[in-house]
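So you can see what is in the structure, the chains are spelled out below.
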Amino acid sequence: SNNNNNEEEEKEVEGLPWWWEYIWDLDAMKPSGKTTGAVSFGDSANVFRTNIEQIYGGYDSLDNCPMAEGALDDLADGTMFIGLQQYKNTFGSPYKLCFG
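Could you give me a rundown of the overall build of the chain, with the residues and numbers involved?
A tally of helices and strands in the chain yields 5 helices and 2 strands. Listing each helix as α and each strand as β along the chain from the N terminus yields α-α-α-β-α-α-β. By the burial criterion, 21% of the 100 residues in the chain qualify as buried. For the chain, the accessible area works out to roughly 7700 Å², and carbon and sulfur atoms hold 54% of it.

What follows is the structure in structure tokens.
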């Protein structure tokens, strides 16, 4: 029994809630597995999942897009766009843009 508790503790990633993995076991959250056609709710949810895991869980990016971060205040005065141009010139495009 102690072994199971240790395994569960190891699976929990700092920065993500304890219930994180359980959500993705729900049928509605599973990707369709299709490469063409309509996108399912699970497909869209898993895009958010991998982005959240990259940002808060320290996971590697599955799409190899670098992450650009900014503050919402930077959008109001326009300075963020100067930084984004420099980021694009340095790292290329596309990249993930995160605000918070």
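Back to the write-up after that little detour.
Please provide a residue-by-residue account of the environment of Lys30, values included.
Tracing the backbone through its elements, the reader meets Lys30 in the loop between α2 (20-23) and α3 (41-57). On the basis of relative accessibility, which here comes to 41%, the residue Lys30 falls in the partly exposed class. Along the sequence, Lys30 and Asn46 sit 16 residues apart, while their C-alpha atoms lie 7.5 Å from each other. Those residues in contact with Lys30 that lie beyond four places of it in its chain are Trp24, Asp25, Ser40, Gly42, Asp43 and Asn46.

Tell me about the nonpolar core, residues and numbers included.
Ranked by size, the top nonpolar core spans 5 residues in total: Leu16, Trp20, Trp24, Met29 and Ala45. Leaving out residues up to four positions away in the same chain, Ala45 has contacts with Trp24 and Met29.

Can you break down the packing of aromatic side chains residue by residue, with the values?
On inspection of all chains with the given rule, the structure shows 3 aromatic pairs. For the pair Trp19 and Trp20, a centre-to-centre distance of 6.2 Å together with 45 degrees between the ring planes defines the contact as tilted. On the basis of relative accessible area, Trp19 is assigned to the partly exposed category, the value being 36%. Using a relative accessible area of 9% as the deciding quantity, one classes Trp20 as buried. An aromatic cluster is built from Trp19, Trp20 and Trp24, whose rings are joined through pairwise contacts.

Definitions and cut-offs
Residues numbered from 1 in each chain as written. Predicted model: local features only at pLDDT ≥ 70, side-chain atom pairs only at ≥ 80, totals over all residues. Heavy atoms only, no water. Helix = DSSP H or I, 4+ residues; strand = E, 2+ residues; numbered from the N terminus. Buried < 20%, exposed > 50% of the residue type's maximum accessible area, 1.4 Å probe, protein only. Areas by Shrake-Rupley, 256 points an atom, 1.4 Å probe, with all protein chains shown as cover. Contact = heavy atoms within 4.5 Å. Core = buried A, V, L, I, M, F, W, Y, C linked by side-chain atoms within 4.5 Å. Phe/Tyr/Trp six-rings, centres within 6.5 Å; stacked < 30°, edge-to-face > 60°.

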